[in-house]
Amino acid sequence: CSPSQIIKQSVLELKLQAEDSFVLKVVQLEELLQVRHSVFVIGNAGCGKSQVVAKPSPSTRVPS
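This is a predicted model, so every value here is computed, not measured. (Residues numbered from 1 in each chain as written. Predicted model: local features only at pLDDT ≥ 70, side-chain atom pairs only at ≥ 80, totals over all residues. Heavy atoms only, no water.)

1. Some words on the nonpolar core
For clarity, the cut-off: To form a nonpolar core, buried Ala, Val, Leu, Ile, Met, Phe, Trp, Tyr and Cys residues must be joined to one another through side-chain atoms within 4.5 Å. Burial classes: relative accessible area under 20% of the type maximum marks a residue as buried, over 50% as exposed, and values in between as partly exposed (1.4 Å probe, protein chains only). Starting at the N terminus, helices and strands are each numbered in turn, a helix being any DSSP run of H or I of at least four residues and a strand any DSSP run of E of at least two. Two residues qualify as a contact provided that any one of their heavy atoms is within 4.5 Å of a heavy atom in the partner residue.
Grouped together as the largest cluster of nonpolar side chains are nine residues: I7, V11, A18, F22, V23, V26, V27, L29 and V52. Contributions of two or more residues to this core are made by α1 (3-13) and α2 (20-35). Setting aside residues up to four positions removed in sequence, L29 forms contacts with V39, V41, V52 and V53.

2. Observations concerning α2
The condition is simple: To estimate how far a helix should extend, the number of its residues minus one is multiplied by 1.5 Å. Arc definition: it is the arc formed by the directions from the helix axis to the C-beta atoms.
For α2, spanning 16 residues, the distance from its first C-alpha to its last is 23 Å, which sits close to the expected 22 Å at 1.5 Å a residue. Every buried residue of α2 is listed here: F22, V23, V26, V27, L29 and E30. Looking down the long axis of α2, one finds its buried residues gathered within 160° of arc, a one-sided arrangement. Facing away from the buried side of α2, by more than 90 degrees, are the exposed residues D20 and V35. Packed against the buried residues of α2 are α1 and α3 (49-53).

3. Regarding α1
Taken residue by residue, α1 has I7, S10 and V11 as its buried positions. Each buried residue of α1 sits inside an arc of 105° when the element is viewed along its axis, so together they form one side. Exposed side of α1, more than 90 degrees from the buried face: L12 and E13 are the residues found there. Taken together, the buried residues of α1 touch α2. Among the residues trailing α1, K15 stands out with phi positive, at a value near 60°.

4. Comments concerning the packing of α1 against α2
Quick reminder of the rule: Here, axes are lines fitted to C-alpha atoms. For helices the fit covers the stretch in contact, and angles between N-to-C directions go from 0 to 180 degrees. A crossing counts as left-handed when the near helix is turned anticlockwise from the far one by less than a right angle, and as right-handed when that turn is clockwise. Only Asp, Glu, Lys and Arg are considered charged, only Ala, Val, Leu, Ile, Met, Phe, Trp, Tyr, Cys and Pro nonpolar, and every remaining residue, Gly among them, polar.
Interaxial distance between α1 and α2 falls to 10 Å at its minimum, and their mutual angle equals 120°. Crossing handedness for the pair α1 and α2: right-handed. Where α1 abuts α2, its residues S4, I7, K8 and V11 lie against D20, F22, V23, V26, V27 and E30. Residues of the contact of α1 with α2, tallied by class, amount to six nonpolar, one polar and three charged.

5. Regarding unusual backbone geometry
With glycine set apart, most residues show a phi of negative sign, and most peptide bonds adopt trans. Phi angles above zero are rare outside glycine, and K15 is one such case at about 60°. The exposure class assigned to K15 is exposed, which follows from its relative accessible area of 75%.

Here you go:
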């Protein structure tokens, strides 16, 4: 399975919509965190920042 497929499955398990643009944002954040120590996630209200940061990928989920 590709990382996108794993993320899409995890998103569906969290009862979220697994839109391609959302999955892409999660993949991009994970790739960025592999090379950076910290990042800022900015955007308009309601654009999915909190859900992307919640890391729907089981391989990288951070305990809250």
